Amino acid sequence: MASLPFLSFFSFFIISTTLTSVTTTSTTIKISLSPFPHHPSSDPYQILNNLATSSIARAQHLKHRNHKTNTTSTLLKTPLFPHSYGGYTISLSFGTPPQTLTFIMDTGSSLSWFPCTSRYLCSQCAFPNVDPTKIPTFFPKLSSSKKLVGCKNPKCTWLFGPDVEFRCQDCEPTFKNCTQTCPPYLIKYGLGSTGGLLLVENLVFPQKTFQDFLVGCSIVSNRQPAGIAGFGRNPESIPSQLGLKKFSYCLVSRRFDDTGISSNMLLETGSGSGDANSQGLSYTPFYNNQVASNPVLKEFYYVTVRKILVGDKHVKVPYNFLVPGSDGNGGSVVDSGSTFTFMERQVFELVSKEFEKQMGNYSRAREVENISGLAPCFNISGYNSIKVPELIFVFKGGAKMALPLANYFSLVGDDKVVCLMVVSDNAVSQGVRGGPAIILGSFQQQNYYIEFDLANQRFGFAKQRCV
């Protein structure tokens, strides 16, 4: 038997920095976060609907992206907190002297960018506690270390590919001193987008500075309340540019939206293999989706889900959804930028129907489903406690992620209804429609210690209270 806590979705956070030294060969940088004043929405169903809609839009974006173009180590510690718009943020400092800004941590994209210049414009950015006209921005003119990226800079090809020279019409192939800048970028994030110019700039931590870090100077954005810290797998990502062996985080539950509680994100650099298992973690290897017909899919962290269990029932998901096929479509990715876990419609129907079957003694709350965008939802009025079957993901190698109840079911509205916090779209097809079939979102990762072991190409996790 289990009782379900009500989960709130309405707080935003700011960041401050402290430093501790661990050993003579490593440094830990700790960045603490605190919440902004809490202003709850008068319509919690609309908040849930917005998060569900953005999770589906994010999934569609990830699934159908266009092709774009020594053994010592340093340990950087970066705590994370949730926001009402579904993201978790960290603080990063760029420039000389450093300018500190808030960034949404995103494992599903690679370019890091900040709102830039006094003319920065963000449309549809009126989120709770966010005044679109007062979003903090980076001022390049105040930094002595900023440089625009030129067309001949190899880092320009990280975004635009080797054919970028055809877009640099002012640069003759034999002209080595071309001054034309790298073309402007435009990046989409499901419902949001951003555009601007590429810079190389100093990324500054209290006792370590990374010079010539490629970062985006965004001039215009849509539905982006903060910059993005890209932790994907492409060369322009933070892990690639910093040479990280691994990074890890523990996402604080959104039950703590109104507090100043923090959790840590760790970034470990160095040349050692770091092949020792972190204590208590279960591991599964990353799946290298090299056959992807869309090269952009190689940016994602794929893992192999072998089974999905609802209670003790094995949900028989077709193999082509669990493992990418010859076209690269199918499989599962881990994405901190998605709020709710997404399942392609055929997978979702199998999972949701099993929940409906095992919870058949509770009536469906159809009206709440319609206004929240979540399903199935059940009316539990009159019950002091309810019985909810477990939701378990079994990965390649035997690692099992048995989700805590609050990570996949939640009380919503007036506390008389509970809903499954997993989403899908309405598209129906005979096979995988493109891209990953399952996207493991941040809501399902709450109160887990999550490790991306890049040196050993594996994904680790363990249940852990993140405070």
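First, a word on scope: everything that follows refers to the structure included in this document. Nothing here was measured: the structure is a model prediction, and the numbers come from that model. (Residues numbered from 1 in each chain as written. Predicted model: local features only at pLDDT ≥ 70, side-chain atom pairs only at ≥ 80, totals over all residues. Heavy atoms only, no water.)

1. Topic: the pattern of salt bridges
Enumeration according to the criterion identifies eight salt bridges in this entry. Of the charged contacts in the structure, one is a salt bridge between Arg366 and Glu369, with a shortest N-O distance of 3.8 Å. With Arg366 and Glu369 both in helix α6 (residues 366–372), this residue pair falls three residues apart, about one helical turn. Salt-bridge contacts for Asp453 lead to Arg458; the nearest nitrogen and oxygen are separated by 2.8 Å. With a relative accessible area of 0%, Asp453 lands in the buried category. Residues joined in a network through salt bridges with shared partners are Glu356, Arg364, Arg366 and Glu369. (Salt bridge = Lys/Arg side-chain N within 4 Å of Asp/Glu carboxyl O. Helix = DSSP H or I, 4+ residues; strand = E, 2+ residues; numbered from the N terminus. Buried < 20%, exposed > 50% of the residue type's maximum accessible area, 1.4 Å probe, protein only.)

2. Thoughts on the sheet that holds strand β26 (residues 409–412)
Pairing within the open sheet is antiparallel, and its four strands lie in the order β22-β23-β27-β26. Pairing within the sheet leaves two strands with one partner each, and these edge strands are β22 (363–364) and β26. With two bridges connecting them, β22 and strand β23 (residues 377–379) associate as antiparallel partners. What sits directly across from Arg364, in β23, is Phe378. (Pairing = 2+ DSSP bridges.)

3. Description of the packing of aromatic side chains
One pass over the full model with this rule turns up 23 aromatic pairs. Judged by centre distance (5.1 Å) and plane angle (50°), the ring pair of Phe231 and Phe247 falls under tilted. In this pair, Phe231 is assigned in the loop between β13 (227–230) and α3 (238–242) and Phe247 in strand β14 (residues 244–250), connecting sequence segments 16 residues apart. Classification of Phe247 by relative accessible area gives buried; the value is 0%. Arranged with centres 4.8 Å apart and planes meeting at 70°, the rings of Tyr301 and Phe452 form a pair that is edge-to-face. Linking Tyr301 in strand β17 (residues 301–303) with Phe452 in strand β30 (residues 448–453), this pair joins segments that are 151 residues apart in sequence. Put simply, the rings of Phe231, Phe247, Tyr249, Phe286, Tyr301, Phe395, Tyr448, Phe452, Phe459 and Phe461 pair up and form one aromatic cluster. A cation over an aromatic ring shows up here: Arg233 above the ring of Phe286, its NZ or CZ 5.1 Å from the ring centre. Lying over the aromatic face of Tyr283, Arg458 brings its terminal NZ or CZ to 3.8 Å of the ring centre. (Phe/Tyr/Trp six-rings, centres within 6.5 Å; stacked < 30°, edge-to-face > 60°. Lys NZ or Arg CZ within 6 Å of the ring centre and 35° of its normal.)

4. Here we look at the sheet that holds strand β19 (residues 313–315)
One open sheet holds the four strands; their spatial order is β19-β18-β24-β25, and the pairing between them is antiparallel. One side of each edge strand has no neighbouring strand; the edge strands of this open sheet are β19 and β25 (400–402). When strand polarity is set aside, the average angle formed by the axes of neighbouring strands in this sheet is 25°. Across three bridges, strand β24 (residues 391–395) lies against β25 in antiparallel orientation. (Axes fitted to C-alpha atoms, helices over the stretch in contact; angles between N-to-C directions.)

5. Observations concerning the environment of Cys182
Structurally, Cys182 can be placed in the loop between α2 (156–160) and β10 (185–189). Taking C-alpha positions, Cys182 is 8.7 Å from Arg167, a pair spaced 15 residues apart along the chain. Excluding its chain neighbours within four sequence positions, the residues that come into contact with Cys182 are Val149, Gly150, Cys151, Cys156, Phe160, Leu197 and Leu198. (Contact = heavy atoms within 4.5 Å.)

6. Focus: the nonpolar core
Phe114, Phe247, Ile308, Phe393, Phe409 and Phe452 are the most contacted members of the largest nonpolar core, which has 73 residues in total. Once residues within four sequence positions are removed from consideration, Phe114 is found in contact with Phe94, Leu101, Phe103, Phe138, Leu199, Val215, Gly216, Cys217, Ser218 and Gly227. In terms of nonpolar packing, the next biggest core, distinct from the first, is built from 27 residues, Leu111, Trp113, Leu159 and Cys168 among them. (Core = buried A, V, L, I, M, F, W, Y, C linked by side-chain atoms within 4.5 Å.)

7. Re the state of the cysteines
The final tally for this structure, using the stated rule, is six disulfides. There is a disulfide in this structure between Cys122 and Cys125, and the S-S distance comes to 1.7 Å. An identical accessibility class is assigned to Cys122 and Cys125; each is buried. Between Cys250 and Cys466 runs a disulfide, and the two sulfur atoms are separated by 1.9 Å. Judged by the sign of its S-S torsion, about -75°, the cystine formed by Cys250 and Cys466 is left-handed. You can see Cys250 sitting in strand β14 and its partner Cys466 sitting in the segment after β31 (458–463), a full 216 residues away along the chain. Note on Cys250: relative accessible area 4%, which makes it buried. (Disulfide = S-S within 2.5 Å.)

8. A word on the pairing of strand β27 (residues 417–420)
When a strand is regular, its side chains alternate between the sheet's two faces. Because side chains alternate across β27, one face comprises the buried residues Val417 and Cys419, and the other comprises Val418 and Leu420, equally buried. In the sheet, β26 pairs with β27 via four bridges, with the strands oriented antiparallel. Paired with Leu411 across the bridge in β27 is Val418. Counted along the chain from β26 to the antiparallel partner β27, the turn is four residues long, and its residue Gly413 has a positive phi close to 65°.

9. Describing helix α5 (residues 345–358)
Along its 14 residues, α5 runs 20 Å from first to last C-alpha, staying within 8% of the 20 Å computed at 1.5 Å per residue. Among the residues making up α5, those that are buried are Arg345, Val347, Phe348, Val351, Ser352, Glu354 and Phe355. (Expected span 1.5 Å × (residues − 1).)

10. Here's the deal with the pairing of strand β18 (residues 305–310)
The pairing of β18 with β24 spans five bridges and is classified as antiparallel. Residue Ile308 lies in a different strand from β24, and its bridge partner there is Phe393. Both β18 and β19 contribute to a ladder of three bridges, which runs antiparallel. In the sheet register, Val310 faces β19, and the bridge partner there is Lys313.

11. Comments concerning a positive patch on the surface
Side chains of Lys307, Lys313, Lys316, Lys357 and Lys400 sit close together on the surface and give a patch of like positive charge. Position of Lys400 relative to the elements: it lies in strand β25. On the basis of relative accessibility, which here comes to 55%, the residue Lys400 falls in the exposed class. (Patch = residues over 30% accessible without salt bridge, like charges linked within 9 Å, V, L, I, M, F, W, Y side chains within 5 Å. Areas by Shrake-Rupley, 256 points an atom, 1.4 Å probe, with all protein chains shown as cover. Lys, Arg positive; Asp, Glu negative; His and termini not counted. Charge placed at Lys NZ, Arg CZ, Asp CG, Glu CD.)

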